[in-house]
Amino acid sequence: MIFKNVDRVGWDPSIGTYLNDGGYEQLKTALGMEPKTITEEVKKSGLRGRGGAGFPTGVKWTFIPPNNTKPVYLICNADESEPGTFKDRYILHQDPHQLIEGMVISCFAVGAKVAYIYIREEFPEAAIILEKAIAEAKEKNFVGENVLGSGFDVEIYVHRGAAAYICGEETGLIESLEGKRAYPRIKPPYFPAALGLYMCPTIVNNVESLCHVKHIIQMGGEGYANLGVARNTGTRILCVSGDVKNPGYFEVEVGKVTMRELIFDMCGGPKDGRELKAVIPGGSSSKILRCDETYKIKNPDGTERDLNFWDIPMDFDSLAACGSMAGSGGVIVIDDSRKISWVLNNINAFYAHESCGQCTPCREGSTWMRKISDRLVAGEATPEDIDTLESVAYQIDGRTICAFGEASSWPVEAIIAKFRDELIADTNPKNAEGPANAEAEAQRQFLEHA
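Treat the numbers as computed from the prediction; the structure is a model and nothing was measured.

Caption draft 1: Focus on the environment of Glu-125. Along the chain, Glu-125 falls in helix α7 (residues 124-139). On the basis of relative accessibility, which here comes to 49%, the residue Glu-125 falls in the partly exposed class.

Caption draft 2: Local environment of the packing of helix α14 (residues 360-377) against helix α17 (residues 438-449). Viewed as axis vectors pointing N to C, α14 and α17 meet at an angle of 135 degrees, and their least axial separation amounts to 11 Å. In terms of axis orientation, α14 runs oblique to α17. Once α14 is placed against α17, the crossing between them reads as left-handed. Here Trp-368, Lys-371, Ile-372 and Arg-375 of α14 lie close against α17, whose contacting residues are Glu-439, Ala-440, Gln-443, Phe-446 and Leu-447.

Caption draft 3: The arrangement of the packing of aromatic side chains in detail. Evaluation of the coordinates by the stated rule reveals 17 aromatic pairs. Ring geometry for Phe-55 against Phe-63: centres 5.8 Å apart, planes inclined by 50 degrees, an arrangement best described as tilted. For Phe-55, a relative accessible area of 38% corresponds to the partly exposed category. Taking 5.8 Å as the distance between ring centres and 35 degrees as the angle between the ring planes, the aromatic pair formed by Tyr-116 and Tyr-157 counts as tilted. Residue Tyr-116 is found in strand β2 (residues 112-119), and its partner Tyr-157 is found in strand β3 (residues 155-160); the two are separated by 41 residues along the sequence. On the accessibility criterion, Tyr-116 (15% relative accessible area) is buried.

Caption draft 4: Focus on the pattern of salt bridges. Tallied over the full model, the rule gives 37 salt bridges. One salt bridge connects Asp-88 with Lys-87, and the closest N-O pair in it is separated by 3.1 Å. Here the two residues Asp-88 and Lys-87 agree in accessibility, since each one is buried. Here Arg-274 makes a salt bridge to Asp-336, at a shortest N to O gap of 3.7 Å. Pair noted here: Arg-274 is in the loop between α11 (259-266) and β9 (276-280) and Asp-336 is in the loop between β13 (330-335) and α13 (340-354), with a separation of 62 residues, a long-range link. A relative accessible area of 40% places Arg-274 in the partly exposed class. Salt bridges sharing common partners tie together Arg-50, Lys-87, Asp-88 and Glu-208.

Caption draft 5: Region of interest: the sheet that holds strand β8 (residues 248-253). Read across the sheet, five strands follow the order β8-β7-β13-β9-β10 without closing on themselves; strand pairing throughout is mixed. Single-partner strands in this sheet number two, and they are β8 and β10 (289-290). Relative to β13, strand β7 (residues 235-242) runs parallel, the two sharing four bridges. Bridge assignment links Ser-241 to a residue of β13, and that residue is Ile-332.

Caption draft 6: Examining the state of the cysteines more closely. For the structure shown, the criterion picks out zero disulfides. This cysteine, Cys-76, is not joined by any disulfide, and Cys-211 carries the nearest cysteine sulfur, 7.6 Å off. Free cysteine: Cys-239, not disulfide-bonded; nearest cysteine sulfur from Cys-267 at 11 Å.

Caption draft 7: Local environment of the nonpolar core. Judged by nonpolar contacts, the single largest core of 58 residues is most densely connected at Leu-92, Leu-99, Ile-100, Met-103, Ile-117, Ile-119 and Ile-156. The biggest single contributor to this core is helix α6 (residues 96-110), with nine residues. Setting aside residues no more than four positions away along its own chain, Leu-92 makes contact with Ala-78, Leu-99, Ile-119, Phe-123, Ala-126, Ile-129, Leu-130 and Val-207. Grouped together as the second largest cluster of nonpolar side chains are 45 residues, Ile-340, Ile-372, Ile-386 and Phe-419 included.

Caption draft 8: Seen up close, α17. For α17, built from twelve residues, the straight-helix expectation of 16 Å at 1.5 Å per residue is met to within 8% by its first-to-last C-alpha distance of 17 Å. Buried within α17 we find Ala-440, Gln-443, Arg-444 and Leu-447. Looking down the long axis of α17, one finds its buried residues gathered within 95 degrees of arc, a one-sided arrangement. Away from its buried face, by an angle of more than 90 degrees, α17 presents the exposed residues Ala-438, Phe-446 and His-449. Structurally, α17 contributes buried residues whose contacts are with α14 and α15 (383-396).

Caption draft 9: Here's a closer look at the sheet that holds β2. Spatial strand order, β3-β2-β1-β4: four strands in an open sheet with parallel pairing. Two strands bound the open sheet, and with one partner strand each, they are β3 and β4 (202-206). With strand direction ignored, the average angle separating the axes of adjacent strands in the sheet is 20 degrees. Here five bridges tie strand β1 (residues 72-78) to β4, and the two strands are oriented parallel to one another. Pairing of Ile-75 across the sheet is with Val-204, part of β4. Docked against the sheet, α6 engages β1, β2, β3 and β4, running at close to 140 degrees with respect to β2. Where helix α9 (residues 207-219) meets the sheet, its contacts fall on β1 and β4, and the angle it forms with β4 comes to roughly 95 degrees.

Caption draft 10: Structural context of the packing of α14 against helix α16 (residues 404-425). Packing of α14 against α16 leaves a shortest axis separation of 11 Å and a crossing angle of 25 degrees. Classified by the interaxial angle, the pair formed by α14 and α16 is roughly parallel. Judged by the sense of rotation from one axis to the other, the crossing of α14 with α16 is left-handed. Two secondary-structure elements touch here, α14 through Cys-362, Met-369 and Leu-376 and α16 through Phe-404, Ser-408, Ser-409, Val-412 and Leu-423.

Scoring rules and cut-offs
- Residues numbered from 1 in each chain as written.
- Predicted model: local features only at pLDDT ≥ 70, side-chain atom pairs only at ≥ 80, totals over all residues.
- Heavy atoms only, no water.
- Helix = DSSP H or I, 4+ residues; strand = E, 2+ residues; numbered from the N terminus.
- Buried < 20%, exposed > 50% of the residue type's maximum accessible area, 1.4 Å probe, protein only.
- Axes fitted to C-alpha atoms, helices over the stretch in contact; angles between N-to-C directions.
- Parallel < 35°, antiparallel > 145°, perpendicular 65-115°, else oblique.
- Left-handed = near helix turned anticlockwise from the far one by under 90°.
- Contact = heavy atoms within 4.5 Å.
- Phe/Tyr/Trp six-rings, centres within 6.5 Å; stacked < 30°, edge-to-face > 60°.
- Salt bridge = Lys/Arg side-chain N within 4 Å of Asp/Glu carboxyl O.
- Pairing = 2+ DSSP bridges.
- Disulfide = S-S within 2.5 Å.
- Core = buried A, V, L, I, M, F, W, Y, C linked by side-chain atoms within 4.5 Å.
- Expected span 1.5 Å × (residues − 1).
- Arc of directions from axis to C-beta.

Below, the structure written as structure tokens:
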């Protein structure tokens, strides 16, 4: 549905090709509807945001204050910066008019006359493609003044970011769009739907989420809700990377595919001679799951059942019940060729680099975690360092303005909880017998007296 035109033979991103395939017909339909009716259809569809949090899209739209007199803005979050995720860029490169049509419908529904596509700096070609597509849409009167004679005006602008992971967080993105340092805002009171861009009501949705709006208009909210499973409707794109034979992107009905079907049937299973060790199911910030785990899952009637790792349905609720999250759909597969200490250090290095620095626990803690895992992979850590690392992670968790604190600490917490023995095996007890590492000792003393 969303990826229908990606890698399609004979397809190009021009408006002519899009119109020949029935493009902008859903916009024409939507402009004949009441804005509130569109929002109700999106609510009926059960569409949950595809950017990471999985919050119901239609419900988010209703948070705009009913007595609002300020301008309303729509922002498309195209800052696809979660490691392991590579879906939105294909939409931007190959099917930009699908996004534009979804955005114009969404703007009409929420009353926004100005929309921005906030795109990450690493997508320079996508920005050029989008600028051209918007110009084509304006020429055909799908964007601009009096869209298709409806009396509705809307302008869409492309705004390029500066390669900061934190700009994927909606309030950090808004700060950046206003020309300021991307420091996330405190919620409450700064919920974007009430106090967003320029302190006006603002709706922020992911690229894939906005594309789904077009299909909801085509199918109707109830028709769309027939795809997927209860509370996890429609389709979503899973990006599989790492240690499988056929990594790539796969659009599936939410909850209709299990971990086994995704990794073995779609991705060809592990590489020859290797066994799978673990999977990070929703991008690098989600908690790691071991391939040999079994989970206790609550049934709707309150009873419990055992769920094997390989039988986990790939939906928001099932992955959350197993202690992780669906996130942005970035499935990272790890086999037995990878040292888990290396995986941990790779993740820590990323988050230490990307912390915006606003909150002390995150600014200092993410760097501490990286330094400890640096010692671990260098063979200079002691078993006590694993306890210190875990302590630092838990002192970041829940103590920051935005969710970056959890994004950096959750992987550490989960990896230590599930692979502690392997991490300790990579330490050297003799390091504790020699002269103390001054930095490590200072960290431990600080934590003891904090």
